[in-house]
Amino acid sequence: MLFNSFEFWIFFAVVLGSYRLLGHRGQNRMLLVASYIFYGSWDWRFLSLIILSTAVDFRVGKALVSPDNDEARRKAWVTLSVVVNLGLLAVFKYLGFFVDSAAAMLTTLGLQANLPSLHIILPVGISFYTFQTMSYTLDIYRGELKPTDDLLDFALYVSFFPQLVAGPIERAKRLLPQIVEPRSPTADDVREGIYCILYGMFKKVVIADNMAVIANHAFSQDPGSLTGLEALLGVYAFAFQIYGDFHGYSLIAQGTARLMGIRLMDNFNHPYFAKNPQDFWRRWHISLSTWLRDYLYIPLGGSRGGARKTYRNLMTTMVLGGLWHGANWTFVVWGTVHGGWLGIHRWIAGRANGAKDAVDSVAVSLVKVFVTFQLVCVTWLFFRAESVTQAGGFIGSLFSGFPLTEFVLIGYPLLAFFVLPTLIYELWVERRGDLFAMTKVHPVARAAFYLALVLFLTWFPAPMRSEFIYFQF
């Protein structure tokens, strides 16, 4: 069920209506059933994978605090959790990729490769829920969390439907207590939930899907046939497509959860206003970037051990973060470029003796934001392209001339029409320093804003509805 479908909202209306009639334990049991129905609507066969992860990590969590287990046994138990969860990812997401890559390498070396070509269906959201459930056992192992005694509560934590298939990746420390304890939505929850749903639908249906039309047209062409302005238009359109798409999903997930009194974390904080790559990753897909920091970068050594080890840890984290997104060399290159960029930024910042952005003038800040956005867009080329060759072709096309073609004359005004008002609004929110600033203005102003969103949703939906991009991960 897509968030931008009538099917989902009928489903959610039934869930919310039932939720209001039940007590705490009944709410949790009903939400668990609803979450399994929601996920099973994609492909019921893959419910077995969620149930397997849930059962393994629930058992591991209990074993990690058992007085009968010494440190060696605790390490064995937490290793079991990691192996099972990463093993599911390896088989369903990466096995075919590595087999095909090995065959291609052997062919390049002149050796006959008769390796089978595997076509394994990727379970929707597997990258999200495996990371989520794995953080539970890792936090218990570190002594930062106590395991729950209720298997069904833990199963709901793993499968909670608003954020099940595309995040945010919630830590058990934050979400599980909200499931275990009784809850009821406050007036603030309802107000902020409505805002999240309306603005999230706007970003998906109006921004992302309209930008997808432009981006898909550009990326369906031979890169060599594109002019510089056409290639740049395709890159900019995809930048706002993926931002509107993923931010829209995260907002709708937050909104639906808040109407049930559950608060999910903010997954985006105006990433295109970032002044450098480190700032970008503090603002983009925050649940993943903090997960990689806490469970990969810091355990590798973080910034301890000197500059070389720090750069190595940065690169390793970002390459694996790129690979997390998809089984394709384009994602490996995307992660590698970001890792290199973070390393260069860190080196420059160190040479500047830790100069802070806070002392920048407005002009300098604008230049930093502009440059950072352009470099982010270049990296998006590798994220969107079907192959590294296509991405390279697009980069070459950026310098191939700038005639005013029909695509340019139609595409850029559309880009400006949809994107500029959104950026102006988000700049206002950024300056207020409160992601929910709109919920705190005068009710008349808030109603006018909501009316504008509804009118845009009514008058300017894209010609074709598209699936959320991050469902493929």
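Rules used throughout
- Residues numbered from 1 in each chain as written.
- Predicted model: local features only at pLDDT ≥ 70, side-chain atom pairs only at ≥ 80, totals over all residues.
- Heavy atoms only, no water.
- Axes fitted to C-alpha atoms, helices over the stretch in contact; angles between N-to-C directions.
- Helix = DSSP H or I, 4+ residues; strand = E, 2+ residues; numbered from the N terminus.
- Parallel < 35°, antiparallel > 145°, perpendicular 65-115°, else oblique.
- Left-handed = near helix turned anticlockwise from the far one by under 90°.
- Contact = heavy atoms within 4.5 Å.
- Salt bridge = Lys/Arg side-chain N within 4 Å of Asp/Glu carboxyl O.
- Buried < 20%, exposed > 50% of the residue type's maximum accessible area, 1.4 Å probe, protein only.
- Core = buried A, V, L, I, M, F, W, Y, C linked by side-chain atoms within 4.5 Å.
- Phe/Tyr/Trp six-rings, centres within 6.5 Å; stacked < 30°, edge-to-face > 60°.
- Lys NZ or Arg CZ within 6 Å of the ring centre and 35° of its normal.

**Q** Can you walk me through the packing of helix H2 (residues 24–43) against helix H6 (residues 151–159) in this structure?
**A** A pair of packed helices is captured by two measures, namely the crossing angle of their axes and the spacing between those axes. Closest axis-to-axis distance for the H2/H6 pair is 9 Å, and the angle between their directions is 45°. On the basis of their axis angle, the class for H2 and H6 is oblique. At the point where H2 passes H6, the crossing takes the left-handed sense. The segment H2 lies against H6, with Arg25, Asn28, Arg29, Leu31, Leu32, Ser35 and Tyr36 engaging Leu152, Asp153, Ala155, Leu156 and Ser159.

**Q** Whenever I open this one, the pattern of salt bridges confuses me. Can you help?
**A** In a structure, side chains of opposite charge can pair up when their charged atoms sit close to one another. Summed over all chains, the structure comprises 22 salt bridges. A salt bridge links Asp150 to Arg29; its shortest N-O distance comes to 3.1 Å. Of this pair, Asp150 sits in the loop between helix H5 (126–141) and H6 while Arg29 is found in helix H2, placing the two residues 121 residues apart along the sequence. With a relative accessible area of 27%, Arg29 lands in the partly exposed category. Here Lys62 makes a salt bridge to Asp149, at a shortest N to O gap of 2.4 Å.

**Q** Is there a simple way to explain the nonpolar core in this structure?
**A** The nonpolar side chains of soluble globular proteins are, as a tendency, buried together. Counting residues in hydrophobic clusters, the biggest one holds 134 residues, and the most contacted among them are Tyr272, Trp284, Trp380 and Tyr470. Excluding its chain neighbours within four sequence positions, the residues that come into contact with Trp380 are Phe238, Ala239, Ile242, Tyr272, Phe280, Trp284 and Trp334.

**Q** It is not clear to me how the packing of aromatic side chains should be interpreted in this structure. Could you clarify?
**A** To describe a pair of aromatic rings, one takes the distance between the centres and the angle between the planes. Applying the stated rule across the entire model yields 62 aromatic pairs. Taking the centre distance of 6.1 Å and the plane angle of 45° together, the rings of Phe8 and Phe11 count as tilted. Of the two residues, Phe8 and Phe11 are both situated in helix H1 (residues 6–21); the distance of 3 residues between them amounts to about one turn of the helix. Both residues of the pair, Phe8 and Phe11, count as buried. On the numbers, 5.9 Å between centres and 35° between planes, the contact of Phe154 with Tyr157 is tilted. With Phe154 and Tyr157 both in helix H6, this residue pair falls 3 residues apart, about one helical turn. Each member of the pair, Phe154 as well as Tyr157, carries the same accessibility label: buried. Seen from the ring of Phe46, Arg45 lies directly overhead, with NZ or CZ sitting 5.8 Å from the centre. Over the aromatic face of Tyr243 sits the side chain of Lys203, whose NZ or CZ is 3.5 Å from the ring centroid.

**Q** I tried to follow the side chain of Ser397 on my own but got confused; where do I start?
**A** On the secondary structure map, Ser397 appears in helix H15 (residues 388–397). Judged by its relative accessible area of 4%, Ser397 falls in the buried class. Setting aside anything within four residues of it in sequence, one finds Ser397 in contact with Pro223, Gly224, Leu226, Thr227, Gly228 and Ala231.

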